[in-house]
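Coordinate inspection notes
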Amino acid sequence: MTDTLHVFAITAPEGLRHTHLTRAEGLTPDLPPLTDWLGAEVDTDEIELFPIRDLGDMALSDYITMAFAPEAIPPQALRKINGIKGHALLVPERALSEEPAPTGEARLIASLPLARPDHSATLPKADVAPMPQTLPQPPAPPARRGTGALWAMVVLGAVALILIWAL
């Protein structure tokens, strides 16, 4: 069960970025006409477009392997991918309306198998404790003791003071 990740080298304005991170930050750059360049409708919410220098010392092939395609990249594709200068455009197959037919602005470097989850396996049932038949009742608040006796003492003291003043 695989999908395909298309890796393109493109000519783009310096500093143009459109990645999962920039989308999460709410940034919406003015993208070039990717539909025209790739020859297919493009869902821009699924792509990554960034300058290679953003990766620092990391090779583009290492980034692709870690983020998208855990399978080994063929050696010929590896050299081409790591040879990209400028901007890289990573497009999963699901982001395209049809097979790409790139123009001169976008050059297809490689198409790689893209990992997809396998939800066909059956998993063992987990051991689950049965639900209790009745919910435990919260403890009753503690009874207040001695408040009646305290009021009786206060009233007796007040009566005694009144009697003493009256005499």
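Here we summarise the structure given alongside this text. (Residues numbered from 1 in each chain as written. Predicted model: local features only at pLDDT ≥ 70, side-chain atom pairs only at ≥ 80, totals over all residues. Heavy atoms only, no water.)

Here we come to the sheet that holds strand 1 (residues 3-10). Strand order in the open sheet made by the four strands is 2-3-1-4, with antiparallel pairing throughout. Of all the strands in the sheet, the pair left with one neighbour each is strand 2 (48-51) and strand 4 (106-114). The sheet shows a mean angle of 20 degrees between the axes of neighbouring strands, taken without regard to direction. Across four bridges, the pairing between strand 2 and strand 3 (residues 87-92) is antiparallel. If you follow F50 over to strand 3, its bridge partner there is A88. Across the sheet, helix 4 (residues 75-82) touches strand 1 and strand 4, and the angle it forms with strand 4 is around 135 degrees. (Pairing = 2+ DSSP bridges. Helix = DSSP H or I, 4+ residues; strand = E, 2+ residues; numbered from the N terminus. Axes fitted to C-alpha atoms, helices over the stretch in contact; angles between N-to-C directions. Contact = heavy atoms within 4.5 Å.)

The subject of this paragraph is the side chain of H87. Relative to the helices and strands, H87 is located in strand 3. Side-chain polar atoms of H87 contact the backbone oxygen of P13, separated by 3.4 Å. Of the polar contacts made by the side chain of H87, one reaches the backbone oxygen of L16; its length is 3.2 Å. (Polar contact = N/O pair within 3.5 Å; in protein donor to acceptor, adjacent residues only side chain to side chain.)

Geometric values such as these leave the question of function open.
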